[in-house]
Amino acid sequence: MDKKTVSILALGFLVGTLIASAAISILTMMTRPASAEDAGEMPPAGATSAGTTKVVLKLSHVLEPSHPVHLAMEYMARQLDRRSGGAVELQIFPSGQLGSETESIEQVRRGALAMVKTSTAPLEGIIPEMAIFGLPYLFRDQEHYWKVLLGDVGRDLASAGAKAGVRGLCYYDSGSRSFYTRDAPILSPADLKGKKIRAMQSKTAMDTIAQMGGAPTPIAFGDLGSALQQGIVDGAENNPPSLFTSRHFEVARHYSLDEHSRIPDIILISQQVWESLSPAVQRWIEEAADESAAFQRDAWKKSTEDALDALKKAGVTIHEPDKAPFRREVQPMYDRLAGTEIGKLVERIQQVE
């Protein structure tokens, strides 16, 4: 065999080897399990899976799947699926599976998580204006509350977090927050003196309890049940559905409807993820969120009535204290805000008819 023939055979063998290697590589890429990045988890919400245009959005919250807020998010997922023709999937992770509210908020800010349902209370550290919602007895009634949230003030506050990496999509009703306690009811501010009351991780929420004479104790909601059982705290404050679905009433047998605050929940989406989405997907998300908010308000009203009935049947004593002493006790909080940006926001809210 001459040298020319040998060279041709060698070249053919090399080309064949390269083709075979490429084919194996392609086959491996098509069949191997997807990595976190391939599955759309970097960021886990706006990215798409290889070879498809489907967008997967992950939404975290700390409430139980039976909670009306969770049901509203499921409704949102269905509406988003319908509007997008299946091109956008909303995956909901309840019960703190992806972390506490504050942990999930930080993930959303980084773009490592698409969405979170949170109380507005933990947001005041990154969106100072959100502190307004924690002020006790800010709203005249429920009608005034929703006029504010669905009006210019609510829209301004929802968009105020863009620089912090979050964007508000819609508000959910979380009712009025009232005190529930283990041993004795809270019938006046004097009854709070010396009592350790679980507070949300919010300066305003803690200031409210302290102003009334209690000892605010910040504890994650997921840890509150055991804290009540062990006597780490004497009580907490929340709305009726949350008291019932959390089963905290099994330890805290007194529920005093002082209704000191109306702090809304809010659905946040990562600003980073939002900017990665097409205008059509953004529109579908906004529309589905608005529809879920209307659904949630109706579901919330019924669930509040049902929860109060269920609490009574479970042997919880429901108290209706005079609210006037509580209002007087917290007035210094408003006095201290005079001339501040939050004070000006209070004035805007009070002017809403």
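Refer to the structure printed above.
Remember, predicted model here, so these are calculated numbers, not experimental data.

Engineer: Whenever I open this one, empty space enclosed by the protein confuses me. Can you help?
Structural biologist: The gaps left among the atoms become clear once a water-sized probe is rolled over them. In total, this model carries one cavity of 30 Å³ or more according to the counting rule given. Lining the largest cavity are Gly-134, Met-200, Ala-205, Thr-208, Ile-209, Glu-237, His-260, Ser-261 and Ile-263. Taken together, the elements giving at least two residues each to the lining of the largest cavity come down to α6 (203-211) and β9 (254-261). For the lining of the largest cavity, the leading source of residues is α6, giving three residues. By residue class, the composition of the lining of the largest cavity is four nonpolar, four polar and one charged.

Engineer: Quick question: what am I supposed to make of the pattern of salt bridges here?
Structural biologist: Should the charged atoms of two oppositely charged side chains come close, the side chains can pair. According to the stated counting rule, one finds 16 salt bridges in the structure shown. With a closest N to O distance of 2.4 Å, Glu-259 and Lys-323 form a salt bridge. Of this pair, Glu-259 sits in strand β9 while Lys-323 sits in the loop between β11 (317-319) and α11 (324-335), and the two are 64 residues apart along the sequence. Overall, the relative accessible area of 32% leaves Glu-259 in the partly exposed class. For Lys-344, the salt bridge goes to Glu-341, with nearest N and O atoms at 3.4 Å.

Engineer: What should I look at first to understand the pairing of strand β6 (residues 196-199) in this one?
Structural biologist: On a regular strand, each side chain points to the face opposite its neighbour's, so the side chains alternate between the two faces of the sheet. As paired strands, β6 and strand β7 (residues 215-218) are joined by four bridges and run parallel to one another. The residue of β7 that forms the bridge with Ala-199 is Pro-218. In this region the chain leaves β6, passes through α6 and returns to the parallel neighbour β7; the handedness of that crossover is right-handed.

Engineer: What am I meant to see in the layout of surface pockets here?
Structural biologist: Estimates place the volume of the largest pocket at around 550 Å³. When residues of the lining of the largest pocket are traced back to their parent elements, those giving at least two are α3 (101-110), β3 (115-119), α7 (221-229) and α8 (240-246). A total of four residues in the lining of the largest pocket trace back to one element, the largest contributor, which is α7. Across the lining of the largest pocket, the residue classes break down as nine nonpolar, 18 polar and six charged. Quantified by volume, the second largest pocket comes out at close to 370 Å³. Lining the second largest pocket are 18 residues, and of these Gln-142, Gly-175, Arg-262, Trp-300 and Thr-304 lie nearest its centre.

Thresholds, definitions, all that
- Residues numbered from 1 in each chain as written.
- Predicted model: local features only at pLDDT ≥ 70, side-chain atom pairs only at ≥ 80, totals over all residues.
- Heavy atoms only, no water.
- 1 Å grid on protein atoms, 1.4 Å probe; cavity = no way out; pocket = protein on both sides within 12 Å on 5 of 7 lines; lining within 4 Å.
- Points joined across faces, edges and corners; volume = space filled by probe spheres on them.
- Helix = DSSP H or I, 4+ residues; strand = E, 2+ residues; numbered from the N terminus.
- Nonpolar A, V, L, I, M, F, W, Y, C, P; charged D, E, K, R; others polar.
- Salt bridge = Lys/Arg side-chain N within 4 Å of Asp/Glu carboxyl O.
- Buried < 20%, exposed > 50% of the residue type's maximum accessible area, 1.4 Å probe, protein only.
- Pairing = 2+ DSSP bridges.
- Right-handed = clockwise from strand over helix to strand, strands pointing away.

The analysis is restricted to geometry; functional conclusions fall outside its scope.
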